Amino acid sequence: MKSEIKTILVLFCVSALMLILHKVALDRIFIIEMDGDIPILALDDKSAGGSSSAITFMDGGRRILQCELSASYQYPFCELNFQLADLSQGQPVKGGDFSKYDRVGLWLRYTAPVDAGIRLHLRNFNPDYSDLADENSLKFNSIEWFAVQGSTQPIWIPLDNMQVSTWWLSENKVSLKNSGPELTNITTLELSTGTMVVEGKYELEVEKIEFRGKFISKEQLYLILVSMWMMFAFVRLVYSSIKFNKTLRFFKFREQELTTINHLLDNKSRELQDRVGRDVLTGVLNRQGLQAIIFNQDGSINRTKGLSIAFIDIDYFKQVNDNFGHKVGDDILIEFARLIEDNTRHSTEILARWGGEEFILACPNSNLHEVELLAEKIRAIIASHRWPQGIKLTCSMGVAQMSEETFEDFIQRADLALYQAKKRGRNRIVSAVKN
Ligand SMILES: Nc1nc2c(ncn2[C@@H]2O[C@H](COP(=O)(O)OP(=O)(O)OP(=O)(O)O)[C@@H](O)[C@H]2O)c(=O)[nH]1
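Residues numbered from 1 in each chain as written. Predicted model: local features only at pLDDT ≥ 70, side-chain atom pairs only at ≥ 80, totals over all residues. Heavy atoms only, no water.

Taking an unreviewed UniProt entry as the reference, the protein chain is identified by name as diguanylate cyclase belonging to Paraglaciecola hydrolytica. Under the heading Cofactor (unreviewed entry), UniProt records this for the protein chain: "Mg(2+)". (UniProt positions renumbered as here; feature names shortened; annotations may be inferred.)

Visitor: Which residues make up the overall build of the protein chain, and what values do they have?
Guide: Counting its secondary structure elements, the protein chain contains 8 helices and 17 strands. Within the protein chain, buried positions represent 39% of all 435 residues. Contacts in the protein chain between residues far apart in sequence, at least 24 positions, make up 73% of those at least 6 positions apart. For the protein chain, the exposed area adds up to about 25,300 Å²; of that, 56% sits on carbon and sulfur atoms. (Helix = DSSP H or I, 4+ residues; strand = E, 2+ residues; numbered from the N terminus. Buried < 20%, exposed > 50% of the residue type's maximum accessible area, 1.4 Å probe, protein only. Contact = heavy atoms within 4.5 Å. Areas by Shrake-Rupley, 256 points an atom, 1.4 Å probe, with all protein chains shown as cover.)

Visitor: With reference to specific residues and values, describe the pairing of strand β8 (residues 139-145).
Guide: Across the 7 residues of β8, 6 count as buried, placing the element largely inside the fold. With 7 bridges connecting them, strand β7 (residues 118-124) and β8 associate as antiparallel partners. For R123, the partnering residue across the bridge sits in β8 and is F140. Direction of pairing for β8 relative to strand β10 (residues 163-164): antiparallel, over a ladder of 2 bridges. (Pairing = 2+ DSSP bridges.)

Visitor: Give a detailed account of the state of the cysteines, specifying residues and quantitative values.
Guide: Across all of its chains, the model carries 1 disulfide by this definition. The disulfide that involves C67 links it to C78, with 1.9 Å between the sulfurs. Because the torsion about its S-S bond is 65 degrees, the bridge between C67 and C78 counts as right-handed. In this pair, C67 sits in strand β4 (residues 62-69) while C78 sits in strand β5 (residues 78-83), placing the two residues 11 residues apart along the sequence. The buried category is assigned to C67, whose relative accessible area is 4%. Accessibility expressed as a relative area gives 0% for C78, which makes it buried. (Disulfide = S-S within 2.5 Å.)

Visitor: Now, about the packing of aromatic side chains: what can you tell me, with residues and values included?
Guide: Applying the stated criterion to the full structure yields 17 aromatic pairs. Put simply, the rings of F30, F98, Y101 and F211 touch in pairs and so form one group of aromatic residues. Sitting above the plane of the W107 ring, K208 keeps its charged end 4.4 Å from the centroid. (Phe/Tyr/Trp six-rings, centres within 6.5 Å; stacked < 30°, edge-to-face > 60°. Lys NZ or Arg CZ within 6 Å of the ring centre and 35° of its normal.)

Visitor: Tell me about helix α6 (residues 326-342), residues and numbers included.
Guide: Along its 17 residues, α6 runs 24 Å from first to last C-alpha, staying within 8% of the 24 Å computed at 1.5 Å per residue. Listed as buried for α6 are V328, G329, I332, L333, E335, F336, A337, L339 and I340. Residues of α6 that are buried in the fold lie against β13 (308-314), α5 (317-324), β14 (350-355), β15 (358-363), α7 (368-384) and β16 (395-401). (Expected span 1.5 Å × (residues − 1).)

Visitor: Quick one: what's the story with the environment of L87, residue by residue and with numbers?
Guide: Inspection of the secondary structure assignment puts L87 in the loop between β5 and β6 (103-111). Expressed as a C-alpha distance, the spacing of L87 and F125, which sit 38 residues apart in the sequence, is 9.6 Å. Setting aside anything within four residues of it in sequence, one finds L87 in contact with V93, L132, L138, T187 and T188.

Visitor: Before we move on, could you go through the packing of α5 against α6 and cite the residues and values that matter?
Guide: Describing two packed helices takes the angle between their axes plus the distance from one axis to the other. Running from N to C, α5 and α6 point in directions that differ by 135 degrees, and their axes come no closer than 6 Å. One way to sum up the angle between α5 and α6 is to call them oblique. Residues F317, V320, N321 and F324 of α5 touch α6, and the partners they reach there are H326, V328, G329, I332 and L333. Residues of the contact of α5 with α6, tallied by class, amount to 6 nonpolar, 3 polar and no charged. (Axes fitted to C-alpha atoms, helices over the stretch in contact; angles between N-to-C directions. Parallel < 35°, antiparallel > 145°, perpendicular 65-115°, else oblique. Nonpolar A, V, L, I, M, F, W, Y, C, P; charged D, E, K, R; others polar.)

Visitor: Outline the pattern of salt bridges, listing residues and values.
Guide: Evaluation of the coordinates by the stated rule reveals 23 salt bridges. We note a salt bridge from R212 to E210, for which the minimum N-O separation is 2.5 Å. You can call R212 partly exposed: its relative accessible area is 22%. Taken together, the shared-partner salt bridges connect D27, K208, E210, R212 and K214 into one network. (Salt bridge = Lys/Arg side-chain N within 4 Å of Asp/Glu carboxyl O.)

Visitor: Can you break down the sheet that holds strand β11 (residues 186-193) residue by residue, with the values?
Guide: Spatially, β2-β5-β11-β7-β8-β10 is the arrangement adopted by the 6 strands of the open sheet, whose pairing is antiparallel. With partners counted over all chains shown, the strands left at the sheet margins are β2 (40-44) and β10, one partner each.

Visitor: Kindly report on a nonpolar patch on the surface, identifying the contributing residues and their values.
Guide: On the surface, M231, F234, V235, V238 and I242 cluster together into a nonpolar patch covering about 490 Å² of accessible area. Inspection of the secondary structure puts F234 in helix α3 (residues 218-276). Relative accessible area serves as the criterion here: at 52%, F234 is assigned to the exposed category. (Patch = residues over 30% accessible without salt bridge, like charges linked within 9 Å, V, L, I, M, F, W, Y side chains within 5 Å.)

Visitor: Can you break down the packing of α6 against α7 residue by residue, with the values?
Guide: Look at α6 against α7: their axes get within 10 Å of each other, and the N-to-C directions meet at 135 degrees. In terms of their interaxial angle, α6 and α7 are classed as oblique. The crossing of α6 and α7 is right-handed. Contact residues: F336, L339 and I340 in α6; I378, I381 and I382 in α7. Taken together, the residues of the contact of α6 with α7 sort by class into 6 nonpolar, no polar and no charged. (Left-handed = near helix turned anticlockwise from the far one by under 90°.)

Printed below as a string of structure tokens:
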């Protein structure tokens with residue numbers, strides 16, 4: 001941001017400097033010296049059949065034109081003729097390109113019998129309409145102005161004010177394409193007496209003629225400035241978009257990272273929840289796990305057809321521990337749980353370790369008769385299974401179907417039935433009395 005402000009300030013200063021420089025400097029100047037190399041002639045209307053006479057000479061650095069104007073010709077004139085290019089036949093015409101200048105300054109004094117005008121002609125050569133054999137075919141880019149006598153020096157004339165004389169257009173039958181002012185190949189500059197003249201003596205003193213323009217036009221300067229600012233805006237836009245994309249990519253990456261972490265946390269939390277609900281030794285559900293399945297969120301019991309359980313207890317398990325050691329006891333517990341799970345349907349028959357050597361087989365959609373049949377099947381499997389170390393193992397069960405009672409009362413009824421099974425000699429099933 002800081003560097004951006006710096007750049008804007010620099011651009012602003014450069015723009016201001018360029019505008020100021022353009023205003024006060026960077027001038028293109030061309031001076032026509034009165035006693036220099038440029039041939040300067042005095043011309044009059046004698047060549048057109050008139051009888052005016054003109055002479056020129058230098059006086060203290062000033063070019064003087066003295067003219068005796070006679071009305072014998074329809075358009076009498078005298079002029080100072082500055083020859084800027086060689087117009088000899090057979091040579092390519094190399095005039096001056098005055099289109100590069102904005103204005104011309106004239107340091108002159110004019111004396112006339114009346115308040116007469118004065119004319120400036122910039123004659124242009126263009127092979128489209130000019131013929132070296134005919135001096136009159138050079139285009140007349142002209143201007144005539146009045147109030148010359150006593151005017152402040154210099155007189156600045158904007159070159160945009162030059163116009164092509166209409167008499168010249170019609171005399172030379174110039175096409176529309178070539179009818180506008182043209183200053184690219186100026187061969188001659190003429191300072192001539194005006195159109196509304198009377199007979200008498202005229203004198204023109206010229207000290208200096210100076211053309212001025214700018215090396216860079218206003219339009220070019222504005223184009224450079226606008227391009228500069230547009231370039232800055234473009235670079236800034238590209239930079240911002242790259243930066244934005246980078247930030248976007250970073251945030252997307254972070255989002256992916258967070259999603260992965262969330263997944264991991266989810267899995268961990270599920271794993272922990274699972275561990276809390278499972279018995280560490282046998283891997284089957286524990287008390288908590290069973291209750292989480294049996295109870296709904298609102299505390300009600302999840303049953304459609306009915307909930308029946310078999311409360312299972314291994315017979316004389318203490319003796320197993322005592323005779324074969326706790327480790328064997330553990331292995332027996334693990335195998336006992338696996339055997340029951342292998343012989344039940346996991347989707348509808350849920351085994352949980354209630355504590356010690358006690359298990360509950362819960363059947364959420366079974367009635368008492370169905371669970372009695374299942375219990376009997378399991379009892380027989382346990383009793384006939386080949387246990388390690390040749391151990392003979394049996395189990396007793398109390399089975400019950402839940403009725404309108406609390407879960408605790410229901411378990412207690414099944415427990416009582418189990419107690420009865422133990423009392424009646426073990427390795428058997430007793431159904432709980434109905435509530
Ligand atoms: N190895 C092992 N033994 C356990 C575990 N939990 C409980 N026991 C043992 O299980 C035995 C249960 O004994 P009792 O309650 O007297 O019952 P029993 O010997 O099975 O006799 P009845 O139930 O009356 O048939 C105790 O010795 C406990 O130490 C366990 O996780 N591992």
